[in-house]
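Examining the three-dimensional arrangement
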Amino acid sequence: MAKLPRNFEETLDGTIVWDLPFPVVLDAQGLAALKKMRPLRVRYPYKIEYLHSYGQDSPFFAGLTNKVHLGSRDAGTGYTYATPRGHDMYSGQETDWVVMPGKGKVHAFTVCYFGSEAFLKETPFVLALIEFEGVDTLFLARLMGVDPAEASLDWIGMTVQARYRRNSKLAPTDIYFLPAGGDDKA
Amino acid sequence: MRKVYAVSGGVSKFTKARPDKTFQGVVKEAYDYAIADLGLEFRRFNEMVDGSVASYFSDHFARQLMAGIMVQDYLGLCPKPGHRVEGGGATGGICFQEAWKAVASGYMDICVAYGFESMSHVETWKGNEFIALASDVSFDYPVGGFYSGYYAMMVTRHMKEFGTTVEQLACVSVKNHLNAYYNPYAQKRHRFTIADVRKSPMVAWPLTRLDICVMSDGAAAVILASEEGLAKLEKATGRSYKKVIVTGIGRGTDAMRMADRPHQSFDDFMKHNALPHERDSEATVAYYRNLWKHGFRYPGVHSFRAGRMGSLQAYKHAGVYNPLEEIDFIELHDAYTSSEIQTYEDMGLCRYGEGGPFAASGKAFMPGIDYGLALHDKPVCPVNPSGGLIACGHPVGATGLMQGVFAIWQLQQTIHKHFGDPTLQVQNARRGVIHSHAGTGTYVTVSILEAEE
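Conventions we followed
- Residues numbered from 1 in each chain as written.
- Chains lettered and ligands numbered in written order.
- Predicted model: local features only at pLDDT ≥ 70, side-chain atom pairs only at ≥ 80, totals over all residues.
- Helix = DSSP H or I, 4+ residues; strand = E, 2+ residues; numbered from the N terminus.
- Rg over C-alpha atoms; globule rule 2.2 N^0.38 Å.
- Buried ≥ 20, exposed ≤ 12 C-beta atoms within 10 Å, placed from the backbone.
- Contact = placed C-beta atoms within 7 Å.
- Expected span 1.5 Å × (residues − 1).
- Pairing = 2+ DSSP bridges.
- Nonpolar A, V, L, I, M, F, W, Y, C, P; charged D, E, K, R; others polar.
- Core = buried A, V, L, I, M, F, W, Y, C linked by C-beta atoms within 7 Å.
- pLDDT = per-residue confidence, 0-100.

**Focus: the overall build of chain A**
- A tally of helices and strands in chain A yields two helices and eight strands.
- For chain A, the sequential pattern of α-helices and β-strands runs α-α-β-β-β-β-β-β-β-β.
- Taking 16 Å as the expected radius of gyration for a compact globule of 186 residues, we find that chain A reaches 28 Å, considerably beyond that expectation.
- Along the longest, intermediate and shortest principal axes, the C-alpha atoms of chain A span 80 × 55 × 35 Å.
- Per-residue burial over chain A gives 28% buried out of 186 residues.
- At a minimum sequence separation of 6, the contacts of chain A that also span at least 24 residues come to 48%.

Printed below as a string of C-alpha cells:
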C-alpha cells in the first residue's frame, strides 16, 4: 500500500497570514480578551460563467444580428409587444413574431452617471424607453447621438431611428437608437 | 381569519457596514431587543414562539445559500417551523404579511418575522449589479442594468406628464433626512436644503445622490401573535401590553419589464384601479377623464399599479375610505424621492399627477420640526416620520420589517422610549400604514396597523 499523505499541502495562493496578534496565554483573561478582537476580513473572489439560453426569445436576438427588430403580437387581439414575449399576458395564447417599425419616439429616458460594475466604464450613457406607433408596449435601449450633459425633458417625444451594431454580440444592445434625421442610413 | 396583534419589534442600527458581526449576530440584536421589550427572557420566549419567517433579498450579497436557516439556528429556533421569503425590495413587507398569515390562519399563535441584508460585502458598483440582476437578464440588465436609472426614467415621464419638478423631489429628501436626525437607528441624519440636494452628485438624471437611498447592513424583527398568543405572553410576564392590531393586508404585482407595463383606458382604470373615494367624487372623475383626453394612460411607467392594488385591498380590509383623512402616518418605500411622490398617488393621498405639489405642500411632514422650507399646508399625514429608506438606509430584507417596528412603536406611543427623543412621535396615532416595494413596482405590499382602543 502506497504511503498516504499526512500533511495538508501548504500553498502560497489565496489569503496567507503569519503572526496574527493573539493572546500568549489562554487563561480566563486571555480568552475574555478575544471578545474585543477586531473583525478579520478576507477578500473572496467569485467568478461564474453561465450558459444562458434565450429560449423562445431566441429569434429576437437572431433578428438583431440581421438588423431586424422583432416584436410579438397576439393573433386574436392584435396586442403588440415591442419587447417580445412568447405568450400574450391577456389571452395566454402563443404570440406571433412581427417586425417593428424602425422609427419610434422617446417615451422616457435618463442619463446614468453611475451604475453596475459592468457598465461603469460606459458612463455617462443614456437609457431610453422607446414607443412605436401602433405598438402597445415599450422597448428599453441605449440612445446615442445626444449630449448627456444637455439632458432635457424635451428629449421626450423626440423621433428616433433604430440602428444596429455591425458586430453582433447576441445582446439587446445589438440595437440602439439615434435621433431621426441625422446621418443614419441603417 | 383570526385577529393578529403586532406585539413587539427590534431594529439593529442601520449602518454602512457591520464587519463586527455576521448576519446572524446582527439579526440577534434585533431579535433580543424585541424579546426584551416584551419583558421576557430569551429562553422563555423561545419556548413560547411557534415559528418564524425569514427575510433577505439576495443570495449574492450573502454569498451564502440557506442563510435563513442559519439565522433560525443561531436564534435557537430549531426545530420549529420556518421558511424564507424573497421578493426584491418588498421582501420585508412580504415577510411581515407571511407571518401575519401564519397567525391569522391559526397555524401559529406566536410568530417572529426577522430579516436582514449584508450589503457591505461588495463594493457599491458590484452591489448595484446584484440589485440590477433583479431586472430581466435577457432584455433589460444588459442594456445598462442600474436600478437608479430605471427609476429615473420613470420620473422623467412623471415630470413630462404632470409637470413634477426636481425641487418637489428634493422636498422629500429634505423631509426624510431631517426626520432621521431624531432617529438613532438611521444611517444618515442630516439637515439639508433643496439646493444641497440638487448640488449633490448626479447619479441618474435628474436623480442626485441625495434623492436615492444608500446600501446598508442591518436587521429587524417583528413579533406577531393571535389573541391566544398575546394572552400567553401577558400571562408569562404579568404585563398588559399596548395593543396594536393588524387590520389590513394588501399586495399587488406588475410586469417585471417596465417596458411591458400596460397603458389602460379610462374605463379600465375606473373599473379596476380607482379608489372608492375617487369614484365617488365627481370632481376627481372629471379630473381623470381630462387626463385621459390629454394622452394619459395607466399605469404606464409613471405609476405603480401594484402599489395601487395593494392599497385598494388593504383599505378595503381595514375599512379605510379616504386615506389622507383616516391614516395618521405612513412608513413607505422611498428608495427614491421620486418613488415616494409616485406612491403618494398610488396610495390615494392625492390624485395621480398631483404627487409633486403634494410633496411640497407640507401635508406629509411632521409637525413641530422646522424643515427650513416654505410649506403652505399644515401636516396632515406624516410620511416616513422615521426618515424612510432615504435616510434610515435600505438593508433590503430588513427594511419592510423596520417599517413594522417603527409603526408598532408609533402606535404604542413609545417612540420617546426607543429613540430617546419624543420628536418623531406622531401624537395620538391610531392608524399607521407600512408599504414595501420591489424593483420598479413589481411587488408591493401594504399593511395597516391600528392601536386597539
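**Digging into helix 9 (residues 166-180) of chain B**
- Relative to the 21 Å expected for 15 residues at 1.5 Å per residue, helix 9 of chain B spans 21 Å between its end C-alpha atoms, a close match to the ideal helical length.
- Across the 15 residues that make up helix 9 of chain B, a large majority, 13, are buried.

**As for the sheet that holds strand 2 (residues 80-81) of chain A**
All names here are of chain A.
- What the three strands build is an open sheet, ordered 2-1-3; its pairing is antiparallel. Edge positions in the sheet fall to strand 2 and strand 3 (96-99), since each has one partner strand and no second.
- Bridge count for strand 1 (residues 70-73) against strand 3 is four bridges, and the pairing is antiparallel. Considered in strand 3, the bridge of Gly71 is made with Val98.

**Thoughts on the interface of chain B and chain A**
- Chain B puts 34 residues into the contact, and the matching count from chain A is 39 residues.
- Listed by contribution, the elements that provide at least two residues to the side of chain B that touches chain A are helix 6 (124-132), helix 7 (141-144), helix 8 (147-162) and strand 5 (202-204) of chain B.
- Top element by residues in the side of chain B that touches chain A is helix 8 of chain B. It accounts for eight residues.
- Looking at side-chain class alone, the side of chain B that touches chain A contains 18 nonpolar, seven polar and nine charged residues.

**Topic: the pairing of strand 7 (residues 159-164) of chain A**
Residue and element names in this part refer to chain A.
- Note: strand 4 (residues 103-112) against strand 7, three bridges, orientation antiparallel. Note on strand 7: the bridge partner recorded for Lys105 is Thr159.
- Two elements, strand 7 and strand 8 (residues 175-179), share five bridges in a ladder whose sense is antiparallel. Of the residues in strand 8, the one forming a bridge with Val160 is Pro179.

**Examining the nonpolar core**
- Ranked by size, the top nonpolar core spans 188 residues in total, and within it Ala128 and Leu129 of chain A together with Val27, Ala113, Ala221 and Leu224 of chain B carry the most contacts.
- Of the residues forming this core, the biggest block, ten residues, is contributed by helix 20 (residues 396-411) of chain B.
- Here Ala221 of chain B is in contact with Gly9, Gly10, Val27, Ala30, Tyr31, Ala34, Val112, Ala113, Tyr114 and Leu401 of chain B, once residues within four sequence places are set aside.

**Thoughts on the environment of Ile35 of chain B**
- On the secondary structure map, Ile35 of chain B appears in helix 1 (residues 23-38).
- Separated by 187 residues in sequence, Ile35 of chain B and Val222 of chain B have C-alpha atoms that sit 9.6 Å apart.

**As for the confidence of the model for chain B**
- Taken over all residues, the pLDDT of chain B has a mean of 97, while the share at 70 or more is 100%.
- As scored by the predictor, the complex reaches a pTM of 0.96 and an ipTM of 0.96.

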